[in-house]
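A closer look at the structure
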Amino acid sequence: MQRALVAGIFLLLSCQLAGCVTQTQPAELFQLTAESPRNKAMETRFFETKDEVELLSASAAVLQDLGFQVEESVQDVGFLRATKERSAREYGQDIGRFFAFILSLGHVIMPVDLHQKIEATLVARPINPEGTRREVRIIFYRVVWKGDGQADRQYIPPGQQKMEMLRDPAMYQQFFAKLSKAVFLEAFAL
Amino acid sequence: MHAILGIILIAGALLIQGCAAPAPSQDLLALTEAQMKIRSIQTRTFDVKDRQLAMRGVIASLQDLGFIIERANEPLGLVTAARFAEPNFYDVVGVTVTVRQESAGRMTIRANAIYNNRPIEDPKVYQNFFASLERSLFITKE
């Protein structure tokens, strides 16, 4: 009787825990959120120029300076996509892995981040009918691949993926500072 | 004894059935009522001057919604974008938008959205998308 009760309580608790994992409904993903205007302001700058080609090629040049490879470009809609692959090793994670190994008496080897791909998508477009004013919007995100590890006797194979948007304002400021230097124009924020 | 024989026969029958692949039905590619409905949900017509303007509006509204533009093709009026189902970064929402000229100054815009390789058929999703697109097209027009 008591066992059944305990089992019942555990089942109830585990159900509630499962409820904690936030699952966003697709309909919400197609709606503007409270953060959207802030993200937009961070990702966008305005330039007083008529020359979109110049703006695009300067953007490509700045991305190249930052170590990106341009993968795709569509001039008609002012679109650029560039990627950069780098090591994702961090000392903090290696130290954490070491302590987990010691504390678990050698049973746990945590997988650490090994490799990352940073992607940038950039769109330049006119924002007034005369075409004298243009905005440039760039979005950065990255995909991280983990190495292998071990949990007790279970081997964790490498290649586990993690993706995230990069929302560090400094990164965007750095890009736009370089871009405005490259086109000899001042970049206006929202 | 009979019972064992029975079990073996049933197991054998199950095994044999497992071998026969189900034949694809004849109407696999036929247009069903449901598909027509989804198509009408996914399609809207807008009064926009030219296709490039409409495409730029589509791209801008997708970016506003936090999508990452993956591919664009101007001659075909095609835009492909994706985003993570934030706050979890394991689920991906993909969307393909096509812009076609219906007549002079009128554009038919169709959006197909998928959630982790499963098509989204919820009309709400498309309503939200077109509402945001309308806003973005209106701003570009001004």
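Parameters at a glance
Residues numbered from 1 in each chain as written. Chains lettered and ligands numbered in written order. Predicted model: local features only at pLDDT ≥ 70, side-chain atom pairs only at ≥ 80, totals over all residues. Helix = DSSP H or I, 4+ residues; strand = E, 2+ residues; numbered from the N terminus. Buried ≥ 20, exposed ≤ 12 C-beta atoms within 10 Å, placed from the backbone. Contact = placed C-beta atoms within 7 Å. Pairing = 2+ DSSP bridges. pLDDT = per-residue confidence, 0-100. Expected span 1.5 Å × (residues − 1). Axes fitted to C-alpha atoms, helices over the stretch in contact; angles between N-to-C directions. Parallel < 35°, antiparallel > 145°, perpendicular 65-115°, else oblique. Left-handed = near helix turned anticlockwise from the far one by under 90°. Nonpolar A, V, L, I, M, F, W, Y, C, P; charged D, E, K, R; others polar.

So, on to the overall build of chain A. Helix and strand content of chain A: 6 helices and 9 strands. Looking at chain A as a whole, 23% of its 190 residues are labelled buried. Expressed as a percentage of contacts within chain A between residues at least 6 apart in sequence, the contacts between residues at least 24 apart total 61%.

Our focus in this paragraph is the overall build of chain B. The helix and strand tally for chain B stands at 4 helices and 6 strands. In chain B, the succession of helices and strands from N to C terminus is α-α-β-α-β-β-β-β-β-α. Here chain B, with 142 residues, has 27% of them falling under the buried criterion. Look at the contacts in chain B between residues 6 or more apart in sequence, and 45% of them connect residues 24 or more apart.

This part takes up the sheet that holds strand E8 (residues 154-156) of chain A. Residue and element names in this part refer to chain A. Pairing is antiparallel in the open sheet, where 3 strands are placed in the order E4-E7-E8. Among the strands making up the open sheet, the edge pair consists of strand E4 (108-109) and E8. Here 3 bridges tie strand E7 (residues 149-151) to E8, and the two strands are oriented antiparallel to one another. When the bridges of E8 are listed, Gly149 appears paired with Ile156.

On to the confidence of the model for chain B, then. Overall, the predicted model of chain B reaches an average pLDDT of 84, with 87% of residues at or above 70. ipTM for the predicted complex: 0.74, alongside a pTM of 0.75.

Our next topic: the interface of chain B and chain A. Every contact between the two is made by 31 residues of chain B and, on the other side, 25 residues of chain A. Contributions of two or more residues to the side of chain B that touches chain A are made by helix H3 (51-64), strand E2 (68-73), strand E3 (78-84) and helix H4 (123-141) of chain B. A per-element tally of the side of chain B that touches chain A places H3 of chain B first, with 7 residues.

All right, on to helix H4 (residues 52-65) of chain A then. Residues and elements named next belong to chain A. In this model H4 runs 20 Å from its N-terminal to its C-terminal C-alpha over 14 residues, within 8% of the 20 Å that 1.5 Å per residue would give. Its buried side turned inward, H4 meets strand E1 (44-47), strand E2 (69-74), strand E3 (79-87), strand E5 (113-126), strand E6 (134-146) and helix H6 (169-182). In the segment just after H4, Gly67 is the residue with positive phi, at about 90°.

As a further point, take the environment of Gln127 of chain B. Residues and elements named next belong to chain B. Examined against the element boundaries, Gln127 turns out to sit in helix H4. Here Gln127 falls in the partly exposed class, since 15 other C-beta atoms lie within 10 Å of it. When the C-alpha atoms of Gln127 and Ser40 are compared, they prove to be 11 Å apart, with 87 residues separating the residues in sequence.

Further remarks concern the packing of H4 of chain A against H6 of chain A. Residue and element names in this part refer to chain A. The interhelical angle for the contact between H4 and H6, taken along N-to-C directions, is 130°, at an axis separation of 9 Å. When the axes of H4 and H6 are compared, the pair comes out oblique. Helix-helix and strand crossings are classified by hand; for H4 and H6 the assignment is right-handed. Seen from H4, the contacting residues are Ala58, Ser59, Ala61, Val62 and Asp65; seen from H6, they are Phe175, Lys178, Leu179 and Ala182. Residue classes in the contact of H4 with H6 are distributed as 6 nonpolar, 1 polar and 2 charged.

All names here are of chain B. Within the chain, Asn116 stands out as a residue other than glycine whose phi angle is a positive 50°. Here Asn116 shows up in the loop between strand E5 (106-115) and strand E6 (118-119). Here Asn116 falls in the exposed class, since 11 other C-beta atoms lie within 10 Å of it. A positive phi is found at Asn117, a non-glycine position, where the angle reads about 70°. Relative to the helices and strands, Asn117 resides in the loop between E5 and E6.

As a further point, take the environment of Arg134 of chain A. Residues and elements named next belong to chain A. With respect to the element layout, Arg134 can be found in strand E6. By the C-beta count within 10 Å, which is 22 here, Arg134 ends up buried. Look past the residues within four positions of Arg134 in its chain and what remains in contact with it is Phe47, Thr49, Glu52, Leu55, Ala124, Arg125, Pro126 and Ile127.

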